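Observations on the model geometry
Letter by letter, the chains look like this.
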Amino acid sequence: MTNIALQKQQQQRHSGQPSGAAAAAAAAAPTQPAEPPSQDQPLEDFTFRHFAPLLRACQGYAKLSGCRFRSSSFDPAKISTESDATKSRVKRESAATVEEYQRRLRQGDKLLLEEVDRAFRIVMQESVRNAMMGLFQTLDMFPPSPPPPGIDDDDCCYEDVEAPLPVVSQRLYNDQARRLGSDCGGPGFLQQRAKTAAFIVDFAEESEVKLPPIPETQQSMLREISTRVQEELKQRGESEARQKDIRSIFLRGLGGGATAESLRMEAEKFWGENWKSIALGVATVAALGILTVANGVATGQRRGRGSEL
């Protein structure tokens, strides 16, 4: 389902003012910048105020790199031999600011490190959220049909992954519709913030900054969603090959880069542990002759890191 269709469907179902989780999330979101997101300025310099000069200097570079950062792009030798005039220009224009901010991070600038920590948490949240959304689309339940009873349009608490999978999926669907509306700063604001956070995390990694560990919330979500999905796949009677395909789709959905790779390793660990216990349980049930078989339909999404410049 397209973003426009999702937003339209949600608006048709929704009436009244947002309340509960949606209202709380909207209130907690940063105030929207005066101007809407621009394709010419892919990085959002409003949320990360101490990185703002760097982000403004790197707008042209980010537009070319897909909002990812690599130190090798600013190697003086590479810039001097760059055949593309536009790439050469944007790198020269931002090189001095890049060097300054890398020096400040390596020297332990407290304010910058605090914003790196914030960006890292946003990246963790977005990575798991995107992987879940791709997973539910693959399972043909985004949104689930029929919708689970008792879930309001403004119920966006998808992080409660202990709820039944259709409930988690519906809440995530509601959250996506909320993002496309005006509750979170308008269409594109949170996406731009997430890309900016990824750029900052890349920058910190390339500046040899030690990043925080994976937050407990995301660890718990990965652990629980891995268990729940594998149980669902076994219940549907999906083949082992199909289960592996869906697992790969979920892991790829976590994104690219070293940060996403750490999430992937964590998810693979949980998935591997659960695979053994669930396979044993299903074998026992099958021996008793009460195994339920159902068929599923799978489609996938793939995300990756920007190309080298």
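Note that the structure is predicted; figures quoted are calculated from it, not measured.

1. Details of the overall build of the chain
Helices and strands together make up the secondary structure of the chain, namely twelve helices and zero strands. Moving toward the C terminus, one meets the helices and strands of the chain in the order α-α-α-α-α-α-α-α-α-α-α-α. A total of 309 residues make up the chain; the buried ones form 47% of that total. A sequence separation of at least 24 residues applies to 77% of the contacts in the chain between residues at least 6 apart. For the chain, the accessible area works out to roughly 15,300 Å², and carbon and sulfur atoms hold 50% of it.

2. Section: the side chain of Ser-88
Counting through the fold element by element, Ser-88 comes out in helix α6 (residues 85–106). Dropping the residues within four chain positions of it, Ser-88 is found in contact with Ile-79 and Glu-82.

3. Examining the environment of Ser-127
By the element assignment, Ser-127 lies in helix α7 (residues 110–138). By relative accessible area, Ser-127 is classed as buried at 9%. Separated by 125 residues in the primary sequence, Ser-127 and Arg-252 have C-alpha atoms spaced 9.9 Å apart. Not counting the four nearest positions on each side in its chain, Ser-127 is found in contact with Gly-253, Leu-254 and Leu-263.

4. Section: the pattern of salt bridges
A full pass over the atoms with the stated rule returns 16 salt bridges. Asp-45 is the salt-bridge partner of Arg-56, the closest N and O atoms lying 3.3 Å from each other. Linking Arg-56 in helix α3 (residues 52–57) with Asp-45 in the loop between α2 (20–28) and α3, this pair joins segments that are eleven residues apart in sequence. Overall, the relative accessible area of 27% leaves Asp-45 in the partly exposed class. Taking the shortest distance from any N to any O, the salt bridge between Glu-82 and Lys-91 comes out at 3.2 Å. A relative accessible area of 1% means that Lys-91 is categorised as buried. One network of salt bridges, with partners in common, ties together Glu-126, Arg-129, Asp-175, Arg-178 and Arg-179.

5. Overview of the confidence of the model for the chain
Averaged over all residues, the pLDDT of the chain equals 80, while 74% of them reach at least 70. Across the chain, α3 holds the top mean pLDDT of 98, while α2 sits lowest at 40. Here residues 11–30 is modelled with pLDDT under 50, and outside its nearest four sequence neighbours on either side it reaches 22 contacts, counting other chains as well.

6. Considering unusual backbone geometry
If a residue is not glycine, its phi is most likely negative; likewise, a peptide bond is most likely trans. The amide bond that connects Phe-142 to the next residue, Pro-143, takes the cis arrangement and shows omega of 5 degrees. Omega for the peptide link from Ser-145 to Pro-146 comes to 0 degrees, which places this bond in the cis form. Position of Pro-146 relative to the elements: it lies in the loop between α7 and α8 (165–180). One non-glycine residue, Asp-140, adopts positive backbone phi at about 60 degrees. Assignment of secondary structure puts Asp-140 in the loop between α7 and α8.

7. Brief notes about the side chain of Ser-94
In this structure, Ser-94 sits in helix α6. Here Ser-94 falls in the buried class, since its relative accessible area comes to 0%. When neighbours within four sequence positions are excluded, Ser-94 is seen to be in contact with Ala-57, Cys-58 and Phe-74.

8. Some words on α7
In this model, α7 (29 residues) spans 42 Å end to end at C-alpha, consistent with the 42 Å of a helix rising 1.5 Å per residue. The N-capping residue of α7, defined by a side-chain oxygen 3.1 Å from the backbone nitrogen of Leu-111, is Asp-109. Following α7 by one or two positions, Asp-140 adopts a phi angle in the positive range, close to 60 degrees.

9. Focus: helix α10 (residues 216–236)
With 21 residues, α10 extends 30 Å from end C-alpha to end C-alpha; this agrees with the ideal 30 Å at 1.5 Å per step. One or two steps after α10, the chain reaches Gly-237, where phi turns positive at roughly 80 degrees.

10. Considering the packing of aromatic side chains
A complete count under the given rule lists eight aromatic pairs for this structure. Considering the side-chain rings of Phe-142 and Tyr-173, the 5.3 Å spacing of their centres and the 75 degrees angle between planes classify their relative orientation as edge-to-face. Of the two residues, Phe-142 sits in the loop between α7 and α8 while Tyr-173 sits in helix α8, which places them 31 residues apart along the sequence. Here Phe-142 matches Tyr-173 in class, with each residue buried.

About the cut-offs
- Residues numbered from 1 in each chain as written.
- Predicted model: local features only at pLDDT ≥ 70, side-chain atom pairs only at ≥ 80, totals over all residues.
- Heavy atoms only, no water.
- Helix = DSSP H or I, 4+ residues; strand = E, 2+ residues; numbered from the N terminus.
- Buried < 20%, exposed > 50% of the residue type's maximum accessible area, 1.4 Å probe, protein only.
- Contact = heavy atoms within 4.5 Å.
- Areas by Shrake-Rupley, 256 points an atom, 1.4 Å probe, with all protein chains shown as cover.
- Salt bridge = Lys/Arg side-chain N within 4 Å of Asp/Glu carboxyl O.
- pLDDT = per-residue confidence, 0-100.
- Expected span 1.5 Å × (residues − 1).
- Polar contact = N/O pair within 3.5 Å; in protein donor to acceptor, adjacent residues only side chain to side chain.
- Phe/Tyr/Trp six-rings, centres within 6.5 Å; stacked < 30°, edge-to-face > 60°.

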